[in-house]
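Listed here are the chains, written in short residue letters.
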Amino acid sequence: MSPDVRKTALVIAAAVSLGLAAVVPAHGVEGPAPDPRNKQAMRDMATAIAVTAKYADERAALKDGYVPHGEACMTNPFGVGAMGYHYVKQANWGSMDPARPTALLYSKDKDRNGRRRLETVEWMSTDRDQDLKTSDDRPSMFGLPFDGPMPGHWAGMPKHYDLHMWAYKENPAGRFHNWNPALTCPKKAPTPGKPAAAHPHGH
């Protein structure tokens, strides 16, 4: 077996073990998904998972420069689903490298050791003209177009494109769908000390 064939076999074996097995096109695929015949896309997915596996421990992400941004849980403003806490590495902003994701998304809940669970890997790129109506600079990875352009999610974040890969949590809408319909954010509690609804006085 030549080294190339052996390497390809290993990548395919890794992809299969990671649940990236080729989907028979006749069965269809839920949500956006790379063409399983696209060898580069399959290799890139395997690379992204191999490189980010260590971030299952959020302490490793913090140590490598991923900084928490925004809210612990974001709800889809246009429909169903939610996504978790964004930890962003600014040095990877605009990266199209499967080994250098811009953000790691962690669960809203913490485990018994007080740590969040890694759910999603994300790449982000600035919208060049900052005009939400144009998309001539839309990037793509894994043979898939990025979502957007969209407004920033927190103060100082530019209008941007992004691509999510739900590598560590199943997403019923598809591995690359931005929102996960199986997730919901906790309802925000009313501010302590204030009644939920003001009662008129002077009865």
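Conventions adopted
Every chain begins its residue count from 1, and numbering advances along the sequence as written. Per-residue local features of the predicted model are confined to residues with pLDDT of at least 70, and side-chain atom pairs are confined, for both listing and counting, to 80 or more; whole-chain, interface and lining totals are unaffected and use all residues. Side-chain descriptors were evaluated using all non-hydrogen atoms of the structure, hydrogens and water having been removed beforehand. In this text, buried Ala, Val, Leu, Ile, Met, Phe, Trp, Tyr and Cys residues form a nonpolar core when linked through side-chain atoms within 4.5 Å. Burial classification: accessible surface area is computed with a 1.4 Å probe over protein chains only, and a residue below 20% of its type maximum counts as buried, one above 50% as exposed, and the rest as partly exposed. Runs of E in the DSSP output that reach at least two residues are strands. Runs of H or I that reach at least four are helices, and both are numbered from the N terminus. Note on contacts: a residue pair is in contact if any heavy atoms of the two residues lie within 4.5 Å. The salt bridge criterion pairs a side-chain nitrogen of Lys or Arg with a carboxyl oxygen of Asp or Glu, the two atoms within 4 Å. Per-residue confidence from the predictor is reported as pLDDT, which spans 0 to 100. Stacked, edge-to-face and tilted labels apply to pairs of Phe, Tyr and Trp rings (six-membered ring for Trp) whose centres lie within 6.5 Å, assigned for plane angles under 30 degrees, over 60, and everything in between, in that order. Pairing between strands is defined by DSSP: at least two bridges between them are needed. Points on a 1 Å grid over protein atoms alone make up a cavity when a 1.4 Å probe fits among them but cannot get out, and a pocket when they form an open set with protein on both sides within 12 Å along at least five of seven lines; lining residues each have an atom within 4 Å of a point. Grid points are joined across faces, edges and corners, and a volume is the space filled by probe spheres set on the points. Amino acid classes used here: Ala, Val, Leu, Ile, Met, Phe, Trp, Tyr, Cys and Pro are nonpolar; Asp, Glu, Lys and Arg are charged; the rest, including Gly, are polar.

Novice: How should the nonpolar core be read in this particular structure?
Specialist: Considering soluble globular proteins, one finds that nonpolar side chains tend to be buried as a cluster. In this structure, Tyr55, Leu104, Tyr106, Trp123, Phe142, Met165 and Phe176 are the most contacted members of the largest nonpolar core, which totals 24 residues. With five residues, helix α2 (residues 39–52) is the single largest residue contributor to this core. Not counting the four nearest positions on each side in its chain, Phe176 is found in contact with Pro32, Ala33, Pro34, Met45, Phe142, Leu144, Leu163, His164 and Met165. Membership of the second largest hydrophobic core comes to 14 residues, among which are Leu105, Trp154, Met157 and Trp166.

Novice: Can you help me understand the pattern of salt bridges in this one?
Specialist: Should the charged atoms of two oppositely charged side chains come close, the side chains can pair. Enumeration according to the criterion identifies six salt bridges in this entry. The partner of Lys54 in a salt bridge is Asp64, and the shortest N-O contact between them spans 3.2 Å. Here the residue Lys54 occupies a position in the loop between α2 and α3 (58–63), and Asp64 occupies one in the loop between α3 and β1 (67–69), the gap between them amounting to ten residues. A relative accessible area of 26% means that Asp64 is categorised as partly exposed.

Novice: Would you mind going over the confidence of the model for the chain with me for this structure?
Specialist: Interpretation of this model should avoid reading the predicted coordinates in detail wherever pLDDT is low. Within the chain, residue pLDDT values average 84, and 77% of them lie at 70 or more. pLDDT under 50 marks residues 7–29. Its contacts with residues more than four places away, or in other chains, come to 17 contacts.

Novice: Is there a simple way to explain the packing of aromatic side chains in this structure?
Specialist: Inspection of every chain in the model, using the stated rule, returns five aromatic pairs. An angle of 80° between the planes, with centres 5.5 Å apart, marks the rings of Tyr85 and Tyr87 as edge-to-face. Across this residue pair, the class does not change: Tyr85 and Tyr87 are buried. Here Phe142 and Phe176 contribute two aromatic rings whose centre-to-centre distance is 5.3 Å and whose plane-to-plane angle is 50°, an arrangement assigned as tilted. With Phe142 in the loop between β7 (140–141) and β8 (144–145) and Phe176 in the segment after β10 (160–165), the pair connects residues that are 34 residues apart, well separated along the chain. As far as burial versus exposure is concerned, Phe142 and Phe176 are alike and both buried. Put simply, the rings of Tyr85, Tyr87 and Tyr106 touch in pairs and so form one group of aromatic residues.

Novice: Honestly, the pairing of strand β5 (residues 103–110) in this entry has me stumped. Any pointers?
Specialist: Side chains on a regular strand alternate between the two faces of the sheet. One ladder, built from four bridges, connects strand β4 (residues 85–88) with β5; its direction is antiparallel. Note that in β5 the partner of His86 across the bridge is Leu105. Here five bridges tie β5 to strand β6 (residues 116–126), and the two strands are oriented antiparallel to one another. Residue Tyr106 lies in a different strand from β6, and its bridge partner there is Leu118. The turn linking β5 back onto β6 is made up of five residues, and Gly114 within it adopts a positive phi angle of 80°.

Novice: Explanation requested: the layout of surface pockets in the structure shown.
Specialist: Empty space left among the atoms is revealed by rolling a probe the size of a water molecule over them. One number sums up the size of the second largest pocket: a volume of about 250 Å³. Forming the boundary of the second largest pocket are 14 residues, of which Pro77, Phe78, Met150, His153 and Trp179 lie nearest the centre. Elements represented by at least two residues in the lining of the second largest pocket include exactly β2 (74–75) and β10. When its residues are assigned to classes, the lining of the second largest pocket shows seven nonpolar, six polar and one charged.

Novice: What exactly am I supposed to notice about the pairing of β6 here?
Specialist: Of all the eleven residues making up β6, nine are buried; the element is thus mostly covered by neighbouring parts of the structure. Bridge analysis of β6 against β10 gives six bridges, and the strand direction is antiparallel. Note that in β10 the partner of Trp123 across the bridge is Leu163.

Novice: Just checking my understanding: could you explain the environment of Ala103 for this structure?
Specialist: Mapped onto the fold, Ala103 is located in strand β5. Residues Ala103 and Gln90, spaced 13 residues apart in sequence, show a C-alpha to C-alpha distance of 8.6 Å. Aside from chain neighbours lying at most four places away, what touches Ala103 is Tyr66, Tyr87, Val88, Thr120, Val121, Glu122 and Met124.

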